[in-house]
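Residue-level structure breakdown
This is what each chain is made of:
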Amino acid sequence: MTDECGDGLKLVRLPEAGFPDEHVLNHLRKNFYADEPLNRAVGLCNRGEAHAELDRHCASTLAHNCSCIIVDQKQSKIAGAALNGIVRKGDREECERRLAELKDSKFRSIFGLLYSIDEKVDLFERYNVDELFECRILSVQETYRGRGLANVLVENSIRIAQQAGFKVMKADATGIFSQKVFRKYGFDVVTEIPYSEVDENLRPGPPHEALKLMVKVLDQDASRTE
């Protein structure tokens, strides 16, 4: 699936020939890895660097085949990406077990916080579902920011979730900018952890105020009108 976004930009549903995982990872290493508020707070890695555990997390998410990117066709580069995955009952427990075995303390601290907010509310029970659609990573290259690309990525991710028949979509939104985008598209804050309450070594600076678990109940009828 592709959609023209104007100005030579094209929305592409992954997987797509010509855009292997490594190209997407390279975009994330140059942007999301360094810019995401929690990554930046702990100094997880330098811009452009690979990070073994984060690479593995992104690759496993891409394997769910429900992510999308925006490509600048004039420059043959990725301008933005939304990595989406599927969460099933019992997944978190297994992920927590694996996380405890990792030696990277910075990565453990970030994902420990993310898992802790998911433990505050049982979304499977609340919405009576066995699986959730999750927007895990929302990334726009700095030179393309301010042009609404995050909106396009989130809107299309919602469409992907609806077409796949999901009833609930979630995001662990770590920064104020992604939180504004999710709110625009009807996500509600189910619970949050103020950054003032977390370890100071894991605390992003202003304007980021809290980690928010945000949820949207999907309208299945909308997917049939696309």
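Now for a description of the structure that goes with this document. (Residues numbered from 1 in each chain as written. Predicted model: local features only at pLDDT ≥ 70, side-chain atom pairs only at ≥ 80, totals over all residues. Heavy atoms only, no water.)

Some remarks on helix α6 (residues 105-120)
Between its first and last C-alpha, α6 extends 23 Å over 16 residues, near the 22 Å set by a 1.5 Å rise per residue. Of the residues making up α6, those classed as buried are F107, I110, F111, L113, L114, Y115, I117 and D118. Between the side-chain oxygen of the N-cap and the backbone nitrogen of K106 there are 3.1 Å, and the N-cap of α6 in question is D104. (Helix = DSSP H or I, 4+ residues; strand = E, 2+ residues; numbered from the N terminus. Expected span 1.5 Å × (residues − 1). Buried < 20%, exposed > 50% of the residue type's maximum accessible area, 1.4 Å probe, protein only. Polar contact = N/O pair within 3.5 Å; in protein donor to acceptor, adjacent residues only side chain to side chain.)

Observations regarding the side chain of Q141
For Q141, the position within the fold is in the loop between β5 (131-140) and α8 (149-163). Relative accessible area serves as the criterion here: at 15%, Q141 is assigned to the buried category. In this view, Q141 contacts H27, N31, K77, I78 and A79; residues no more than four positions away in its chain are not counted. (Contact = heavy atoms within 4.5 Å.)

A look at the packing of α8 against helix α9 (residues 176-184)
Relative to each other, α8 and α9 sit at 50 degrees, their axes nearing to 10 Å. For the element pair α8 / α9, the angle class is oblique. Between α8 and α9 lies a crossing whose hand is right-handed. Contacts from A150, N151 and V154 of α8 reach α9 at V181, F182 and K184. (Axes fitted to C-alpha atoms, helices over the stretch in contact; angles between N-to-C directions. Parallel < 35°, antiparallel > 145°, perpendicular 65-115°, else oblique. Left-handed = near helix turned anticlockwise from the far one by under 90°.)

Concerning the packing of aromatic side chains
For the structure shown, the criterion picks out 4 aromatic pairs. Taking 4.4 Å as the distance between ring centres and 25 degrees as the angle between the ring planes, the aromatic pair formed by F107 and F111 counts as stacked. Taken together, the residues span about one helical turn, with F107 and F111 both in helix α6 at a distance of 4 residues. The exposure classification of F107 matches that of F111, with both residues buried. Arranged with centres 6.1 Å apart and planes meeting at 65 degrees, the rings of F111 and Y115 form a pair that is edge-to-face. Placement of the pair is F111 and Y115 together in helix α6, with a separation of 4 residues, close to one helical turn. Accessibility assignment for this pair places F111 and Y115 in one class, buried. These aromatic residues form a ring-pair network of at least three members: F107, F111 and Y115. (Phe/Tyr/Trp six-rings, centres within 6.5 Å; stacked < 30°, edge-to-face > 60°.)

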